[in-house]
Amino acid sequence: MTTWLNGVQAGLGRRLAWAAMGAVAVGLIAFSTGLMGADSPRTFGALIASWLFFAGAAAGALAFRAFFHVVDARWARPLAALGAIQVGFAPVAFAVLAVILLGAGLAPWLHSEGGVWLHIPFLVARQVVLSVVLFGFAYLKLRAGRPDHAHPSVAESVVYCLLFAVVLSVWAFDFVLGPAPEFQSTLIGPYLFMSAFTAGTGVVTLFALVQKKLTDDERGDVGAFMLALSIFWGYLFWSQYLTIWYGNLPDEVSFALARDAAPVLAVVALVFVVPFVALLHPRGRSSPRVLGGLIAAQLLGLWLNCHLLVVPSLSTRSGPAVALRDVLIALGMLGAFALSTVRAPRPAVAT
């Protein structure tokens, strides 16, 4: 325990380490108290949303490492190396996934109209197997500090990228459409895994900015890449919205109407509009302060995006779009994310 605590404090600093542990404790209390009474489905929804964001960001950071091992861009090498440490979040992701799957029968957050696909034993088996395969493959092939000191091959990187797309698509089918079986969307899989890839890119870029690993030119390149990701995310969002608006089908419209306009517009502004405007200017792409602030805002928007995909399906219209308990659960996940990723071994050489 002492060794673990010393390692965490060395990675985060004493104050941030204790703050992260405090956030985890607060998140656990918020989740536990939310299980009492009629709020339990929404409480599970808040946990699912934060899990989708943080587990997706960790998987997305590893996908960034794999992708830029296939596409050997020089500017991405420091970021790709930092992506390897996100595999440290895997044990936490599995623990939270177990709680979520247990809640499928107890809360319940899962509706029974899903037929065989959402039958609880099949759901549990599917999610456990796919998540073990995704993070297990990442641990074996993409983590830093492998005993053989070998870098992942191009074939291994391609396999992980394919696994990432498939597994996160299934996460979307189960955890976004599962609580809202009346809503049908074939775009929800790509929408979720590209959101996760964007979040993973943001996480590794923030790590690199904090550690001052990027030159001016590299910051410009990663800023341009994030601009492209923001545009593509906006394209996916618009494609989904246009289908709902143009089709005007009752099931799809009811899903959209359950989401308040103000937080949806906030997501669009944080993930697409603000980065698009700021990153068009060279200063926005090269300034570490501007780039770091934009990434932090975009990550907040991507968390809110996951929240809006899940929580309104499990809560009443009378409640707020984002409640205090939702924020506390997210802070607990953030603390666990920080504590688990700083404990992973740091790469010695950029790949």
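Under the definition given, this model contains 26 aromatic pairs. Both rings, one in Phe-68 and one in Trp-75, keep their centres 5.2 Å apart while their planes meet at 65 degrees; by these two values the pair is edge-to-face. Trp-75 matches Phe-68 in its accessibility class, with the two residues each being buried. Plain terms: the ring middles of Trp-109 and Phe-175 are 5.6 Å apart, the flat faces sit at 45 degrees to each other, and that makes the pair tilted. Pair noted here: Trp-109 is in the loop between α5 (90-106) and α6 (120-141) and Phe-175 is in helix α7 (residues 154-175), with a separation of 66 residues, a long-range link. Ring pairing ties together the aromatic residues Phe-64, Phe-67, Phe-68, Trp-75, Phe-197 and Phe-225, which thus form one cluster. The ring centre of Trp-117 lies 3.8 Å from the NZ or CZ of Arg-126, which sits over that ring.

Approximately 890 Å³ is the volume found for the largest pocket. Looking at the largest pocket, it is lined by 26 residues, and the ones nearest its centre are Leu-206, Phe-207, Leu-334, Phe-337 and Ala-338. Listing elements by their share of the lining of the largest pocket, those giving two or more residues are α1 (2-12), α2 (14-34), α3 (40-70), α8 (188-210), α13 (288-310) and α14 (324-341). The leading source of residues in the lining of the largest pocket is α14, at 8 residues. A class-by-class count of the residues in the lining of the largest pocket yields 21 nonpolar, 4 polar and 1 charged. Size it by volume and the second largest pocket reaches roughly 460 Å³. Lining the second largest pocket we find 19 residues, and of these Phe-237, Tyr-241, Ala-256, Arg-259 and Val-264 sit closest to its centre. Those elements giving two or more residues to the lining of the second largest pocket turn out to be α8, α9 (216-247), α10 (250-257), α11 (261-279) and α13.

Looking now at the pattern of salt bridges. Considering all chains together, one arrives at 5 salt bridges under this definition. The shortest N-O distance in the salt bridge between Arg-126 and Asp-174 comes to 2.8 Å. One end of the pair, Arg-126, is in helix α6; the other, Asp-174, is in helix α7, and 48 residues separate them in sequence. Arg-126 sits in the buried class, given a relative accessible area of 8%. Overall, Asp-174 belongs to the buried group, its relative accessible area being 0%. Salt-bridge contacts for Asp-216 lead to Arg-219; the nearest nitrogen and oxygen are separated by 2.0 Å. Here the residue Asp-216 and the residue Arg-219 both occupy positions in helix α9, the gap between them amounting to 3 residues, near one helical turn. Overall, the relative accessible area of 10% leaves Arg-219 in the buried class.

Calculation notes
- Residues numbered from 1 in each chain as written.
- Predicted model: local features only at pLDDT ≥ 70, side-chain atom pairs only at ≥ 80, totals over all residues.
- Heavy atoms only, no water.
- Phe/Tyr/Trp six-rings, centres within 6.5 Å; stacked < 30°, edge-to-face > 60°.
- Buried < 20%, exposed > 50% of the residue type's maximum accessible area, 1.4 Å probe, protein only.
- Helix = DSSP H or I, 4+ residues; strand = E, 2+ residues; numbered from the N terminus.
- Lys NZ or Arg CZ within 6 Å of the ring centre and 35° of its normal.
- 1 Å grid on protein atoms, 1.4 Å probe; cavity = no way out; pocket = protein on both sides within 12 Å on 5 of 7 lines; lining within 4 Å.
- Points joined across faces, edges and corners; volume = space filled by probe spheres on them.
- Nonpolar A, V, L, I, M, F, W, Y, C, P; charged D, E, K, R; others polar.
- Salt bridge = Lys/Arg side-chain N within 4 Å of Asp/Glu carboxyl O.

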